Amino acid sequence: MKEILNKKSEDYARKCLDKTLDLGLSFKLNSDVKQKVFDKSMLDKMIEVPVNGIELNKLLAKFEKEVIPYCSNFSSSNFMGFPDAGNSVAGISGAILADFLQQNLINSSFCAPIATYMEIAVITWFRELLGYKIKPIKSIWDVGGIITYGGTGSNVTAMLLARENYHSDTMTKGVFNPNKCKVIIPKGIGHYSIRSSLMWIGCGDNVIEVETENFKYNLKTLEKTLVENKGEVMCVVCYAGDSRTMTIDNFKEVHDLVKKIDKNIWLHADACHGFSLAFSKKLKNKISGIELFDSISTDPHKVLEIPYCVSALLIKDPQKFKLITSTSDLIMQEDFAWGQITPFIGSKSWVSLKIWFMMKNIGVKKIGEIIERRHKMALWLKDEIVKSKEFILLNDVSINSVVFMYVGDKEKIDNTKIDELNEMNLKIYNYLLNEGKYYLHKFTIPDNLGVIKKDAILVPLRYMSGNDNISKKNIKNMLNHVIDVSKKI
Ligand SMILES: Cc1ncc(COP(=O)(O)O)c(C=O)c1O
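Below is a summary of the structure that appears in this document. (Residues numbered from 1 in each chain as written. Predicted model: local features only at pLDDT ≥ 70, side-chain atom pairs only at ≥ 80, totals over all residues. Heavy atoms only, no water.)

**Here's the deal with the overall build of the chain**
The condition that has to hold: Elements are defined by DSSP. Helices are runs of H or I of four residues or more, strands are runs of E of two residues or more, and each kind is numbered from the N terminus. Only C-alpha atoms enter the radius of gyration, while the globule expectation follows 2.2 Å times N to the 0.38, with N the number of residues. Here the term buried applies to any residue with accessible area under 20% of the maximum for its type, exposed to any over 50%, and partly exposed to those in between, with areas from a 1.4 Å probe on protein chains only. Calculation of accessible area relied on Shrake-Rupley with a 1.4 Å probe; when residues are assessed, cover is drawn exclusively from the protein chains displayed. His is not counted, nor are the chain ends, whereas Lys and Arg count as positive and Asp and Glu as negative. Charged groups are reduced to one reference atom each: NZ for lysine, CZ for arginine, CG for aspartic acid, CD for glutamic acid.
Tallying secondary structure elements over the chain gives 14 helices and 15 strands in all. Taken over C-alpha atoms, the radius of gyration comes to 24 Å for the chain, in line with the 23 Å a tight globule of 489 residues would show. In terms of overall dimensions, the chain has a C-alpha envelope of 70 × 60 × 45 Å along the principal axes. Every one of the 489 residues in the chain was classed for burial, and the buried ones make up 52%. Accessible surface, the chain: about 22900 Å² in total, of which carbon and sulfur atoms supply 55%. Side chains of the chain give 66 positive and 57 negative charges; the mean places of these two sets differ by 3 Å.

Have a look at this one:
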């Protein structure tokens, strides 16, 4: 049976896998964001159960024609709105090899004898770069981090740690009073995964949003909120690069304030984006103080040239994972079985291998230079926007995100007509999405800097330079294209 890999099917498998690689590379190297726009009415045909199989070569040819043209190409130099293109060649090699090698990191001795230790190495590299202390590692309890399948997985595990840390025994007895499981996040820019996490882990919708100034906590309001809710706040979340503006909060100040009021509050840094700065000697100081936080979420698939999906949750005191462990005789009670400290995950593929390959291949120094280039490109666009007649800038560029709006003529903005401006930018976004030539992101955001009207809710466009194929010329062309589109609508 040639469909199943064995010695007899080797030649056939090699041919098909060569073709697979070829398709993947040709796709990534195509300049279009999307070649065709998918029509949802095609779903009816797609959901027919495939009773009789199709020979793989034919299936690949069909896939090339009928699926790939509809995929979004993050590698296109016109894709400017969302995280990383995942273009590390070594990272892609690691991703492919992980699927070939089929290790399961739930246990070490028989499922993942070397993979377990290579994953520990990756986590330890991250811990060291972010400034956490590294102690001798004699078991899984000394590592101080876990690999999850995404920033959301890391954030929910951090919330679980915060809950158990603040109210011991919720693991066995459950949550008695969700109102004492409050979590503070910055208003208007927090990632939804924190609120969702609280609901998933039985703490209810107990997020408190605190006012920000320039998208960072207003420390006075934070203090007042902490005092008013004393004994009921289990965690404060701070961003090193929030999803919208990529602003970095004042970690040291927030740490000192929170721990002065209640030292049991868990401090969580969502650094899914901003941890990348730790690779650059020049930019690292922007996240200083992050090492004081109890936990840090990182998302290599957003910022390190790594294909989806992989995240790492790091914690300051490795032993704290004991708070949330739950084991079974099906997980080996051995010193290095990851399954003992990875809530929500059973079988675990070797997703950290792509990080291992990328870091070994590019090295910290050069990765730092890549991160610096992304930052510089964003600063360059910021200057173009400030110089322009047609666009306004809505954030200070801290990492690689530029939040802007098309306003026609910025000398003539009418702040009583914000709905019209929002609608215009939404139309531009939808036009670009349907056209498939460029991609810029969009969301809602408070006008924290008071560019149009203080704290009015705006619907801007967002450039994000997590794509290293982008040049200044591409960016300039994008701005001109947006102006052209605005004239058409
Ligand atoms: C700041 C931040 N945290 C967490 C997440 C969730 O990450 P993931 O999509 O990998 O689950 C995101 C995703 O955009 C994010 O921007």
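**A word on the packing of aromatic side chains**
Stated formally: Think of it this way: a Phe, Tyr or Trp ring, Trp meaning its six-membered ring, pairs with another when their centres are within 6.5 Å, and the plane angle makes it stacked under 30 degrees, edge-to-face over 60, tilted otherwise. Over a ring means this: the NZ of a Lys or the CZ of an Arg is within 6 Å of the ring centre and within 35 degrees of the ring normal.
The final tally for this structure, using the stated rule, is 14 aromatic pairs. Seen from their ring centres, Phe-74 and Tyr-308 are 6.1 Å apart, and the 85° between their planes marks the pair as edge-to-face. Here Phe-74, found in the loop between α3 (56-66) and α4 (89-101), pairs with Tyr-308, found in the loop between α11 (300-303) and β9 (311-315); they are 234 residues apart in sequence, far enough to count as distant. Residue classification places Tyr-308 among the partly exposed positions, given a relative accessible area of 43%. One aromatic cluster in this structure is built from Phe-74, Phe-79, Phe-82, Tyr-308, Tyr-429 and Tyr-439. It is Lys-2 that lies over the ring of Tyr-12; its NZ or CZ is 4.5 Å from the centre.

**Structural notes on the site of the ligand**
Condition: For this description, a residue counts as near a given molecule or strand if any of its non-hydrogen atoms is within 4 Å of it. In the analysis that follows, any N or O atom pair within 3.5 Å is treated as a polar contact, provided that within protein one partner can donate a hydrogen and the other can accept it, and provided that, for residues neighboring in sequence, both atoms belong to side chains. Classification convention: Asp, Glu, Lys, Arg as charged; Ala, Val, Leu, Ile, Met, Phe, Trp, Tyr, Cys, Pro as nonpolar; all other residues, Gly among them, as polar.
Taken together, 14 residues are adjacent to the ligand, and Thr-152, Ser-243, Asp-270, His-273 and Asp-299 come closest. In the environment of the ligand, an oxygen atom lies 2.8 Å from a nitrogen or oxygen atom belonging to the backbone of Gly-151. Contact between the ligand and Thr-152: an oxygen atom at 2.7 Å from a side-chain N or O atom of the residue. Its free accessible area being 390 Å², the ligand has 83% of it covered by the protein chains. Per element, the largest residue contribution to the shell around the ligand is three residues, and it comes from helix α6 (residues 151-166). For the shell around the ligand, a count of residues per class yields two nonpolar, nine polar and three charged.

**A few points about the packing of α4 against helix α12 (residues 353-387)**
To keep it simple, the criterion reads: Note on method: axes are straight lines fitted to C-alpha atoms, helices fitted across the in-contact stretch only, with angles between N-to-C directions ranging 0 to 180 degrees. Rotating anticlockwise by less than a right angle from the far helix to the near helix defines a left-handed crossing, while the corresponding clockwise rotation defines a right-handed one. Contacts are assigned to residue pairs with any non-hydrogen atoms lying within 4.5 Å of each other.
Where α4 contacts α12, the axes come no closer than 7 Å and their chain directions differ by 145°. As α4 packs across α12, the resulting crossing turns out to be right-handed. Contacts between α4 and α12 involve Ala-90, Gly-91, Gly-94, Ala-95, Leu-97, Ala-98 and Leu-101 on the former and, on the latter, Leu-353, Lys-354, Phe-357, Met-358 and Asn-361. Of the residues belonging to the contact of α4 with α12, the class tally is eight nonpolar, three polar and one charged.

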